Amino acid sequence: MYGMIFETIQNIFQVEYGDELWDALLERTKYGKRTVFCTHHIYPDDLVMQLANAAVEVIGNGLTQLDFLNYFGRCFIRSFDKYGYEKIIKVCGRYFCDFLTGIDNIHLQMRYMFPKMVSPSMYISHEDVDGVLLHYRTPRNGLCPYLRGLLLQIAEDYFGIQLDVTELPSEPSGEDEYNQYRFRLNFNNRDYLASQKYMNGSNLGLERKMMAATPLSSNTLLQLFPFGLIFRSDLKIISTGKQLKIMFPDKGLFGQALPGIAKMRRPKVDLTWDNVLSLQKVMCELEMLINQRENEGICNPAYALMRNNADQSRRLFLQGQFRYLEDWEAVMFLCNPIVNNLTDLDELGLKLDDLSMHGNGREMVMGGLQHNSRLEDLYERAEERSMELEKTHQLLAEWTERGDQLLFSMIPKSVADNLQSGTHPVDTCQVNFESITVLFVELTNFDINADNAMEMVKCMNAVFSQLDNVIDRHNVYKVETVGKVYMVVGGAPEKNDSHVRDIALVALSFRDEIEELAVKAGMDVRIRTGFHSGSAVAGVVGTKMPRYCFFGDTINTASRMQSSSESGKIQMSSTSYGLLQSFSGFVCQKRGLVTVKVNLTTISIRCMVIPTYFVMQSIGQRRNADPLAASVSTIR
């Protein structure tokens with residue numbers, strides 16, 4: 001399917017359901033979030049079904065796959081004005097029946113803009129005042145609900161009628177690669193039938209008198225249509241136009257069954273009498289095989305050169321309309337050959353004079369000669385632009401993904417999604433972090449000056465990169481690094497009840513990783529760690545280089561725990577110690593009373609004496625293991 005199908009779905013879906021739900025649909029397909037569909041790019045047929053199944057999962061509300069396929073069909077028609085195709089529907093006919101009989105003709109014209117389009121075939125086999133019987137043939141499976149939505153939207157928007165679509169049992173089509181479906185379309189069809197009755201019956205008596213006075217012979221009619229042919233209900237040919245008589249001797253076509261020498265190219269149906277009668281309002285194409293060996297005996301100078309290629313077979317494509325002639329009790333195929341240029345004309349052994357003057361065949365052939373090279377050039381340029389556009393969309397998606405990754409490294413994903421959706425930064429602040437744990441780590445033996453600035457920066461980068469690797473293994477959030485201080489939070493922005501345990505594990509992992517780094521790299525690195533638990537407020541601050549920051553006394557107290565700690569030790573407040581007792585496996589040592597400066601929700605700075613503890617180790621556990629399975633061994 002061409003990308004235009006999916007563009008129409010995307011345009012309407014994003015307006016009615018939002019960008020987030022559309023991204024959720026794409027994430028459930030192999031194309032992923034932020035995929036941009038290209039109008040002339042070809043996508044798998046089953047992508048429509050994938051999107052419908054994804055919509056059922058994402059939206060739900062009791063809607064089924066069939067409901068969303070129906071909705072997608074409506075989206076296609078509702079987006080027609082974006083491409084200018086609504087004009088095509090408006091000029092297809094005055095009545096809904098006119099549109100239904102001309103759908104195949106629309107597809108024929110669309111093939112010039114979408115040359116690789118595999119279009120379905122539709123025709124009407126029965127008409128009455130309450131509706132029609134529509135036949136639908138397609139090589140695809142499962143898209144009947146899509147067609148239903150498409151027809152319902154067209155009937156409503158362009159013809160102002162209420163349509164009811166009922167699927168009937170299918171019949172064998174005779175084409176292995178095509179599936180045939182039948183639909184009963186119920187609507188008020190009285191005006192259309194009245195117009196047909198008026199046109200067929202207008203001055204009928206007078207016309208019959210005039211025709212009786214001046215009868216039209218079959219010879220005259222076949223001179224007007226030199227490629228026409230006439231056959232009766234047994235499908236045996238009783239007469240042909242003069243050009244077919246030249247291309248095929250009478251003994252080769254006269255009396256032969258039409259299905260034996262030709263097949264229906266469009267629509268894809270078997271050549272039967274009933275099908276022919278039902279296709280009188282449909283533009284049809286016949287494919288006839290011309291075997292030149294059979295024509296070797298024809299003494300016609302125009303075909304003398306054809307005998308040099310006697311083993312070569314050519315195909316003659318005839319396009320036109322079947323009409324039942326009541327007086328003859330026969331059907332005539334009023335047609336012209338499909339000839340695009342002089343090359344096609346020469347390959348068929350035809351001349352310009354062989355084409356009828358009342359048709360536009362001659363003009364098309366000569367125009368094709370003049371414009372063929374120009375059209376080829378334009379087509380190649382369009383293909384190049386399409387490929388460039390597709391590459392641009394791929395680069396856009398790639399860089400958008402990189403931008404998201406960079407943003408998520410600065411701001412939590414949930415907060416970043418809110419900001420991208422238009423939420424004001426102030427509105428991202430959350431006041432309901434009732435309990436989180438904040439940890440600070442400081443490099444204690446790094447003195448940066450002008451002489452060793454670059455060396456110290458490289459050393460700090462190695463240390464902090466090692467700490468970043470630890471963060472990736474635990475359910476915590478890195479807030480920032482300021483100078484020689486590294487800040488980590490547990491329990492935010494995603495709330496959890498094990499934040500104090502997570503921070504304790506991170507602190508112990510930090511200590512072990514730094515010790516290993518000092519041994520492996522020969523670096524004299526020492527850290528001082530402290531953490532505290534309590535409530536806090538978090539949100540994005542500023543518009544230039546925005547950061548996700550935390551505010552409150554908890555952050556100040558955690559910072560004091562770090563600054564008053566000892567090198568190589570992990571100090572925590574009594575609040576954190578009390579929470580940590582809910583988790584087994586940690587060995588803690590009571591340090592005693594420590595005097596720290598804390599801002600107690602006022603402007604003034606006060607000194608407080610806080611009982612603190614050292615986290616020594618997690619018994620019997622590796623630094624990445626879960627201490628809940630370990631025994632309790634606490635030293636006070």
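These numbers come from a predicted model, not from an experiment. Counting from 1, residues in each chain are numbered in the order their sequence is written. Local features in this predicted model are restricted to residues whose pLDDT is 70 or higher, and side-chain atom pairs enter the listing and the counts only when it is 80 or higher, whereas totals over whole chains, interfaces and linings include all residues. Values shown for side chains rest on all heavy atoms present in the structure; no hydrogens or waters enter the calculation.

## Brief notes about the overall build of the chain
1) Next: Where helices and strands are cited, they refer to DSSP runs of H or I of at least four residues and of E of at least two residues respectively, numbered from the N terminus. When helices and strands are counted, the chain shows 23 helices and 18 strands.
2) Next: Throughout, exposure labels follow a simple rule: accessible area from a 1.4 Å probe, protein chains only, divided by the maximum for the residue type, with under 20% read as buried, over 50% as exposed, and the rest as partly exposed. Residues counted as buried form 44% of the 636 residues belonging to the chain.
3) Next: We call two residues in contact when some of their heavy atoms are within 4.5 Å. Of all intrachain contacts in the chain linking residues separated by at least 6 positions in sequence, the fraction that spans at least 24 positions is 65%.
4) Next: Roughly 33,500 Å² of accessible area belongs to the chain as shown, and the carbon and sulfur atoms make up 51% of that amount. In this description, accessible areas are obtained by the Shrake-Rupley approach with a 1.4 Å probe, and a residue is regarded as covered only by the protein chains that are shown.

## Remarks on a negative patch on the surface
1) Next: Judged by side-chain charge, Glu380, Glu383, Glu384 and Glu388 come together as a negatively charged surface patch.
2) Next: Within the secondary structure layout, glutamate 383 lies in helix H18 (residues 361-410).
3) Next: Its relative accessible area of 35% is what places glutamate 383 among the partly exposed residues. In this analysis, a patch consists of residues with relative accessible area above 30% that form no salt bridge, clustered at 9 Å for like charges and at 5 Å for the nonpolar side chains Val, Leu, Ile, Met, Phe, Trp and Tyr. What counts as a salt bridge is simple: a side-chain nitrogen of Lys or Arg found within 4 Å of a carboxyl oxygen of Asp or Glu. In this tally Asp and Glu are treated as negative and Lys and Arg as positive; neither His nor the chain ends contributes. Throughout, a charge is located at the NZ atom of Lys, the CZ atom of Arg, the CG atom of Asp or the CD atom of Glu.

## Concerning unusual backbone geometry
Working note: non-glycine residues mostly have negative phi, and peptide bonds are mostly trans.
1) Next: The omega torsion of the bond from alanine 492 to proline 493 falls at -5°, within 30 degrees of zero and hence cis.
2) Next: Looking at the element boundaries, proline 493 is found in the loop between strand E13 (485-490) and helix H21 (499-521).
3) Next: Phi at leucine 235 is positive, roughly 65°, even though this residue is not glycine.
4) Next: With respect to the helices and strands, the residue leucine 235 is situated in the loop between strand E5 (229-231) and strand E6 (237-240).
5) Next: For leucine 235, a relative accessible area of 9% puts it in the buried group.
6) Next: For glutamate 329, which is not a glycine, the phi torsion comes out positive at approximately 55°.
7) Next: Examined against the element boundaries, glutamate 329 turns out to sit in the loop between strand E9 (313-325) and strand E10 (330-337).
8) Next: For glutamate 329, a relative accessible area of 55% corresponds to the exposed category.

## Thoughts on H21
1) Next: Each helix should span, by expectation, one fewer than its residue count multiplied by 1.5 Å. With 23 residues, H21 should cover 33 Å at 1.5 Å per step; its first-to-last C-alpha distance of 32 Å lies within 8% of that length.
2) Next: Positioned one or two residues after H21, glycine 522 has a phi angle of 65°, which is positive.

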